[in-house]
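# Analysis of the macromolecular model
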Amino acid sequence: SYAAWRAWMADPLIGLATALFFVALLLHAWVGMRDVIIDYAGVLSLRLALLTLTALGLAGTGLWVLRTLYSLHSP
């Protein structure tokens, strides 16, 4: 049930493990996307724009995950 899941996710160790998982996932996504962009975007300005957009997107996703995890610990 949702209540059981929320109680399980409210455990600080589970929250920490989940946060570390998402950090590793986002770093993995960054390395993969960076390599693809560097390999296939030939024009420097396009490459920098794509890398910036990718970094902003991944940072936004990371903030969303942290906000979600933090809201589970709030009453």
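Our structure is the block above this text.
Each residue is numbered by its place in its chain's sequence as written, counting from 1. It should be noted that, the model being predicted, local features are given only for residues of pLDDT at least 70 and side-chain atom pairs only at 80 or more, the latter also being counted only at that level, while totals for whole chains, interfaces and linings use all residues. The side-chain figures draw on all heavy atoms in the structure; neither hydrogens nor water molecules are used.

## Here's the deal with the nonpolar core
Quick reminder of the rule: Only buried Ala, Val, Leu, Ile, Met, Phe, Trp, Tyr and Cys residues count toward a nonpolar core, and they belong to the same one when joined by side-chain atoms within 4.5 Å. Summary of the burial criterion: residues with accessible area below 20% of their type's maximum are buried, those above 50% are exposed, and those between are partly exposed, where the area comes from a 1.4 Å probe applied to protein chains only. Each helix is a run of H or I in the DSSP string that is no shorter than four residues. Each strand is a run of E no shorter than two, and both are numbered from the N terminus.
One finds M9, I14, A19, V65, L69 and L72 forming the largest nonpolar core, which totals six residues. When contributions to this core are tallied by element, the ones reaching two or more residues are helix 2 (12-40) and helix 3 (44-73). Broken down by element, this core gets its largest block of residues, three residues, from helix 3.

## Regarding the packing of aromatic side chains
Stated precisely, the cut-off is as follows: Aromatic rings from Phe, Tyr and Trp, taking only the six-membered ring of Trp, are treated as a pair when their centres fall within 6.5 Å; an angle between ring planes under 30 degrees marks them as stacked, one over 60 as edge-to-face, and anything in between as tilted.
Using the criterion set out here, one finds two aromatic pairs in the structure. Aromatic side chains F21 and F22 sit 5.2 Å apart centroid to centroid with 80° between the ring planes, which places their arrangement in the edge-to-face category.

## Considerations on the pattern of salt bridges
The following threshold applies: When a carboxyl oxygen of Asp or Glu is within 4 Å of a side-chain nitrogen of Lys or Arg, the pair counts as a salt bridge.
For the coordinates displayed, the defined rule picks out one salt bridge. When the shortest N-O distance is used, the salt bridge between D35 and R34 registers 3.1 Å. On the basis of relative accessibility, which here comes to 35%, the residue D35 falls in the partly exposed class.

## Observations concerning the packing of helix 2 against helix 3
Where we set the bar: What counts as an axis is a line fitted to C-alpha atoms, over the stretch in contact for a helix, and the angles between N-to-C directions run from 0 to 180 degrees. Reported orientations rely on four angle classes, namely roughly parallel under 35 degrees, roughly antiparallel over 145, roughly perpendicular from 65 to 115, and oblique for the rest. Throughout, a contact is declared for two residues whenever any of their heavy atoms are within 4.5 Å. Residue polarity is assigned by list, with Asp, Glu, Lys and Arg as charged and Ala, Val, Leu, Ile, Met, Phe, Trp, Tyr, Cys and Pro as nonpolar; anything else, Gly included, falls into the polar class.
In contact at an axis separation of 10 Å, helix 2 and helix 3 are set at 170° when each is read in the N-to-C sense. Comparing the axis directions of helix 2 and helix 3 gives the class roughly antiparallel. Across the interface between the two elements, P12, G15, T18, A19, F22, L26, A29, W30, M33, R34, I37 and I38 from helix 2 touch R47, L50, L51, T54, A55, L58, T61, G62, V65, L69 and H73 from helix 3. Looking at side-chain class alone, the contact of helix 2 with helix 3 contains 15 nonpolar, six polar and two charged residues.

## Some words on helix 2
Formally: A helix is expected to span 1.5 Å multiplied by its residue count minus one.
Here helix 2 is 29 residues long and its end C-alpha atoms lie 42 Å apart, about the 42 Å a rise of 1.5 Å per residue gives. Listed in full, the buried residues belonging to helix 2 are I14, G15, T18, A19, L26 and I37. At its buried positions, helix 2 is contacted by helix 1 (2-9) and helix 3.

## Some details on the packing of helix 1 against helix 3
Direction vectors running N to C along helix 1 and helix 3 enclose 100°, while the axes themselves pass 9 Å from each other. Considering the angle they form, helix 1 stands roughly perpendicular to helix 3. Residues W5, R6 and M9 of helix 1 form the contact with helix 3, whose participating residues are L69, S71, L72 and H73. Here the contact of helix 1 with helix 3 is built from residues that sort into four nonpolar, two polar and one charged.

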